[in-house]
Amino acid sequence: MFLPELISKSTTVHRRFHLYSYSISSFSTLAASNFHSYCQQILPKPIFANPPEDPIQTPFSPLNQYKKSQEEALPSHSRKSPSFDEIPSCFSPVVPEKRDFLIKKYQYSCSQFDAEQLHLDVIKNGLHKDLFLCNTLISVYGRVGDMVAAYHLFAEMSERNSVTWACLVSGCNQNDMFEDACHIFRETLVSGLFPNHYAVGSALRACQGLRASALRFGMQIHGLISKTPHSCDVLVCNVLISMYGSCMSSADYAWQVFDGIKFRNLISWNSIISVYSQ
C-alpha cells in the first residue's frame, strides 16, 4: 500500500511534523490545518475523493486507465515486472565498482532499452536493495514514459526516501499525468517525509498543467513551503510564477513571488514576462 486514503490521514501529517520539528512554528499548524480543510475540494472528485487503499486499482484513476492500456498491448507473460522478493540468492554479490559503473552509464538514459537493461543489471548484480540505483531506475522509467514499470518498482522497494517520491512525482508530471502527480505529492506528506524541492517543483508544474482546477492546491503548496528553505529556492519560485500565471487571470500573485526572489536568473525573468504576455 503506497497511496492510502488521504483525507482520513491528513492529521497524521501534523503529528509527524512534530517529529521533524516543523510544529514549533505557527506555519506548521496553519499549513496542516489548511491542508486538511482543502483536501476535499482541490482536485476533481471522481479521482481524489475517498480513494481506496491502493489508488492504482481505482477504476477512475488516470494511472489505472494508462496502466490497462499499456498492459493490454503487451504479451501476457510480459505484463508484470519481476518482484524483488522473487529474486534468487544465486546472483552476483554487490560490487561497488559495478554499482558506480551502472550509475554513470544509465543516470541520464532516455531509451526504453536502457531502462530495461538497467533493471536487468540491477537484478543480476544483486543491487535490488540499493536505494540510489532504484531511484535512478524510477527516474529513467519516467523519462521513457513507462510509468507502469516505475510504479511496480516503487511498490517493491523495501526502503524509500524523499528522492524516491520526487522521482515518481516527476515521472507522472513528465507524462502529463498531472492528477496522479498531485496525488503522490500528498502521499509524500502522509508518509512522514517532507518533499524536496524537486518534488515541490514537479507538483507545482502539475498544478500549472491542471490550471484553475488546481489553483487551491498550488496555493496550499505555496503556504506549506513558505516557512521552509524551499521558499528561497529559485527553481521553486520560478515554477510558482508560472503556476500563478497559468491558473489565475491576474498577475498579482506571480509578481509577488518574482519580487520576493533575492537572486533571480534568466528563467525568473522569462517566467514573469510570459505571465504578463498572456
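Trainee: What is the right way to look at the pattern of salt bridges in this model?
Mentor: Two side chains carrying opposite charge are able to pair once their charged atoms lie near each other. Applying the stated criterion across every chain yields a total of three salt bridges. Among the ionic pairs, arginine 99 bridges to aspartate 100, the shortest N-O distance being 3.5 Å. Taking relative accessible area as the criterion, arginine 99 reaches 24% and is therefore assigned partly exposed. Here the salt bridges do not stand alone but share partners, grouping Arg99, Asp100 and Asp130 into one network.

Trainee: Is there a simple way to explain the confidence of the model for the protein in this structure?
Mentor: Do not read the predicted coordinates in detail wherever pLDDT is low. Averaged over the protein, the pLDDT score is 77; the fraction of residues at 70 or greater is 66%. The low-confidence segment residues 1-60, where pLDDT is below 50, has 108 contacts with residues more than four positions distant or belonging to other chains. In this model, residues 87-93 is a region of pLDDT below 50 whose contacts with residues beyond four sequence positions or in other chains number eight contacts.

Trainee: Looking at this model, I keep getting lost on the environment of glycine 201. Mind explaining?
Mentor: Topologically, glycine 201 is positioned in helix H11 (residues 197-210). It is 8.8 Å that separates the C-alpha atoms of glycine 201 and asparagine 238, two residues lying 37 residues apart in sequence.

Criteria and cut-off values
- Residues numbered from 1 in each chain as written.
- Predicted model: local features only at pLDDT ≥ 70, side-chain atom pairs only at ≥ 80, totals over all residues.
- Heavy atoms only, no water.
- Salt bridge = Lys/Arg side-chain N within 4 Å of Asp/Glu carboxyl O.
- Buried < 20%, exposed > 50% of the residue type's maximum accessible area, 1.4 Å probe, protein only.
- pLDDT = per-residue confidence, 0-100.
- Contact = heavy atoms within 4.5 Å.
- Helix = DSSP H or I, 4+ residues; strand = E, 2+ residues; numbered from the N terminus.

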